[in-house]
Amino acid sequence: MTQFDGKTVTNGKNVAQLIYVTPPTEEQLAGIRSFVEKETHAVSVQIECIEDKSIKSGFILRVGSKEYDWSEQGRISQLEQKISMAVNGITDNASNKEKFLAALKSNVKDFELEAYDKEIGIVNWVGDGIANIDGIDHAFYGEIVVFDSGIKGMVQDVRKDDIGVILFGRDTTVKEGSRVVRTGKMAGIPVGNDFKGRIVDALGTPLDGLGVINSEEFRPVECQAPSIVDRKSVSVPMETGLLSIDSMFPIGRGQRELIIGDRQTGKTSIAMDTIINQRGKDVICVYVAIGQKASTIAKLVNTLKKNDAMDYTIIVSATASEPAPLQYLAPYSGTALAEYFMYQGKDVLIIYDDLSKHAVAYRAISLLLERSPGREAYPGDVFYLHSRLLERSSRLTPELGGGSITALPIIETQAGDLSAYIPTNVISITDGQIFLEGELFFAGQRPAVNVGLSVSRVGGAAQTKAMKKAAGSIRIDLAQYREMEVFTQFSSDLDEGTKKQLNHGKALMELLKQPLNHPFSMSEQVIILVTANARIYSDMAPEKIQEFRDSLLDYFAENHSDIMKELEIKKDLSDDLKASIIEAAKAYKSQE
């Protein structure tokens, strides 16, 4: 050890460590001492000199929590970073040699190596995907740090004496005493058109074995939501293809509609049908799987491929086996991908399946970071967790390209309890909810939409004129039927009007049943509703109604395609067109 000034030093800031291959001269040591004194504002400095042949050449100077790396590897890292910037500047295939060389030359021509400082910390505790780090005094919330094993983490807690970091990977390679380096960058994800049709993890790394994805830019996972003046009111339908939703609880592009219900009541099925129904409508879909089984995600991928829906869909997967930090990050990463397309003027549908598991992952992280638990042991900022996520879904003004993100968050309830903490939070953030009832589901009413508890706060603004006119009084009719059904259980004598009302209600309930992965087009839905309101199905046996409905739609497609084409083009239902639909349906029924 070389000591200057012959004084005993007790202040850690007055100690520097010099790692070298070739010992420095006295003149070089004096220059280093002068630099360290200037950096630390210290009067005297003690320099510990360590010889280390493994750094090959140059030196590394450590002062407090800072590190100045002029070793061979340090200079190589700087050059690699510059080359990486050049590669990221290329938007199409990187095999284009001329474009690659031009970008590389542009980025490297003024490049000069420098012994820049890095702030270094030491891990004092690690476990369950969390690490506490000493020595980093200037880190900010959301900053990425890199551990010496190569694992990355994100600063999640900034305390007086240390910082709490969530790890993006297994914590088996991170030990107490491991060194950590600040990057000065926020957490982000690569984005680009080539992500369509791919399965990625929460960091944008492909999981489908189809090779590297060429990214076009890098977006932060946490981004400010569009302001009020940047938004346009919701007026364009986002058709799900499900008659029970499109007729009574319409969803518009830019809306946030919650799908809520107990487990195994068909929540994911509604989301899948909505994705399948976007085929050919120029809508990009992002499905975020949070805490799902890997086998469940594989099944969903097969369903999408079978229905030719994978080409316009991106799946962001953070399975149940992934660490809690990756499950926490997944919905923000999915939204960053969706925002890339929205700001290009495109319409995006994003599904969060599900935010209950997301809140549980965040609760685990917060408790490990020793934050105070609140109601149901969730931290106090769990409302902000979801509000800052869902507020990013909107429809932009034409000046900003007119793109939109429509969000369908999913929440799982326990025994239909809508008053639990997370369900009430998300209900208050969203623009309506579709409540799926277990009793209806097990009674065979699928999708099991509860008409009384479901609502769309956008309402008819997100419906075409044809659908609005055709839907008419269907909600009121169903509500009256369900109320009347309860009372008539205790009565045997019914008047003719009550019998007709009951038969009409039963027919409507049967018509609202829909096979899985079989969405209806807008024109098909209008035909079903117009014929239902004309009481075409009311005198049929309930078990024959669905079969007749499907054969009637085939009849219209073959013999009255002009009616369906007019509905699709004009999106309006004139009195003449309505009369034509009823007349054609009656003619077909008479042939049966």
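Residues numbered from 1 in each chain as written. Predicted model: local features only at pLDDT ≥ 70, side-chain atom pairs only at ≥ 80, totals over all residues. Heavy atoms only, no water.

A. Just helix α14 (residues 496-511), in detail. Here α14 contains 16 residues, and its C-alpha end-to-end distance of 23 Å stays within 8% of the 22 Å for a straight helix at 1.5 Å per residue. Taken as a whole, α14 has its buried residues at T498, Q501, L502, H504, G505, A507, L508, M509, E510 and L511. Close packing links the buried residues of α14 with α4 (243-246), α11 (438-442), α13 (474-488), α15 (522-533) and α16 (542-559). (Helix = DSSP H or I, 4+ residues; strand = E, 2+ residues; numbered from the N terminus. Expected span 1.5 Å × (residues − 1). Buried < 20%, exposed > 50% of the residue type's maximum accessible area, 1.4 Å probe, protein only. Contact = heavy atoms within 4.5 Å.)

B. Structural context of the pairing of strand β20 (residues 432-436). Among the five residues that make up β20, five are buried, leaving the element largely enclosed by the rest of the structure. Of the two faces of β20, both are covered, the one formed by G432, I434 and L436 as well as the one formed by Q433 and F435. Pairing of strand β15 (residues 258-261) with β20 involves four bridges; the strand directions are parallel. Pairing of G261 across the sheet is with L436, part of β20. (Pairing = 2+ DSSP bridges.)

C. View of the side chain of D347. Among the secondary structure elements, D347 is positioned in strand β18 (residues 347-353). Polar contacts involving the side chain of D347 include one to the side chain of S404, which spans 2.6 Å. Sequence-distant contacts of D347, that is, excluding residues within four places in its chain, are made with R253, D282, V283, I284, G402, G403 and S404. (Polar contact = N/O pair within 3.5 Å; in protein donor to acceptor, adjacent residues only side chain to side chain.)

D. The arrangement of the packing of aromatic side chains in detail. Counted under the stated rule, the structure contains nine aromatic pairs. Considering the side-chain rings of Y378 and Y421, the 6.0 Å spacing of their centres and the 55 degrees angle between planes classify their relative orientation as tilted. Taken together, the residues span a long stretch of sequence, with Y378 in the loop between α8 (355-368) and α9 (382-390) and Y421 in helix α10 (residues 421-429) at a distance of 43 residues. Relative accessible area serves as the criterion here: at 6%, Y378 is assigned to the buried category. By way of ring pairs, the aromatic residues Y537, F548, Y555, F556 and Y588 are connected into one cluster. Over the face of the ring belonging to Y378 we find R363, whose NZ or CZ atom lies 4.3 Å from the ring centre. (Phe/Tyr/Trp six-rings, centres within 6.5 Å; stacked < 30°, edge-to-face > 60°. Lys NZ or Arg CZ within 6 Å of the ring centre and 35° of its normal.)

E. Layout of the pairing of strand β4 (residues 59-63). Examined bridge by bridge, strand β2 (residues 15-20) and β4 share five bridges and lie antiparallel to one another. Each residue of the ladder has a partner; that of I19, found in β4, is I60. Pairing geometry for β4 and strand β5 (residues 66-69), over four bridges, is antiparallel. Opposite R62, over in β5, you have E67 as the bridge partner.

F. Broad picture of the nonpolar core. Residues I275, Y537, F556, L567 and L573 are the most contacted members of the largest nonpolar core, which totals 77 residues. The element that contributes the greatest number of residues to this core is α15, accounting for seven residues. Apart from the residues within four sequence positions on either side, L573 is in contact with A466, K469, A470, V526, V530, L567, K578 and I581. Within the second largest apolar cluster, 56 residues are counted, among which are I166, A202, V348 and V426. (Core = buried A, V, L, I, M, F, W, Y, C linked by side-chain atoms within 4.5 Å.)

G. Seen up close, the side chain of S523. Tracing the backbone shows S523 in helix α15. S523 sits in the buried class, given a relative accessible area of 3%. A distance of 3.2 Å separates polar atoms of two side chains, one belonging to S523 and the other to S521. Of the polar contacts made by the side chain of S523, one reaches the side chain of E568; its length is 3.0 Å. Here S523 is in contact with M564, L567 and E568, once residues within four sequence places are set aside.

H. Summary view of the pattern of salt bridges. With the rule as written, the count across this model stands at 20 salt bridges. The salt bridge partner of D162 is R159, with a shortest N-O separation of 3.0 Å. You can call R159 partly exposed: its relative accessible area is 29%. When the shortest N-O distance is used, the salt bridge between E239 and K281 registers 3.1 Å. Linking E239 in the loop between β14 (217-220) and α4 with K281 in the loop between α5 (267-276) and β16 (283-290), this pair joins segments that are 42 residues apart in sequence. We classify K281 as partly exposed; its relative accessible area is 29%. Via salt bridges that share partners, D157, R159, D162 and R371 belong to a single interconnected network. (Salt bridge = Lys/Arg side-chain N within 4 Å of Asp/Glu carboxyl O.)

I. Quick look at the packing of α16 against helix α18 (residues 575-591). At their nearest, the axes of α16 and α18 sit 11 Å apart, and the two run at 115 degrees to each other. Once α16 is placed against α18, the crossing between them reads as right-handed. Of the residues in α18, those touching α16 at F548, S551, L552, Y555 and F556 are I581, A584, A585, Y588, K589 and Q591. Tallied by class, the residues present in the contact of α16 with α18 amount to eight nonpolar, two polar and one charged. (Axes fitted to C-alpha atoms, helices over the stretch in contact; angles between N-to-C directions. Left-handed = near helix turned anticlockwise from the far one by under 90°. Nonpolar A, V, L, I, M, F, W, Y, C, P; charged D, E, K, R; others polar.)

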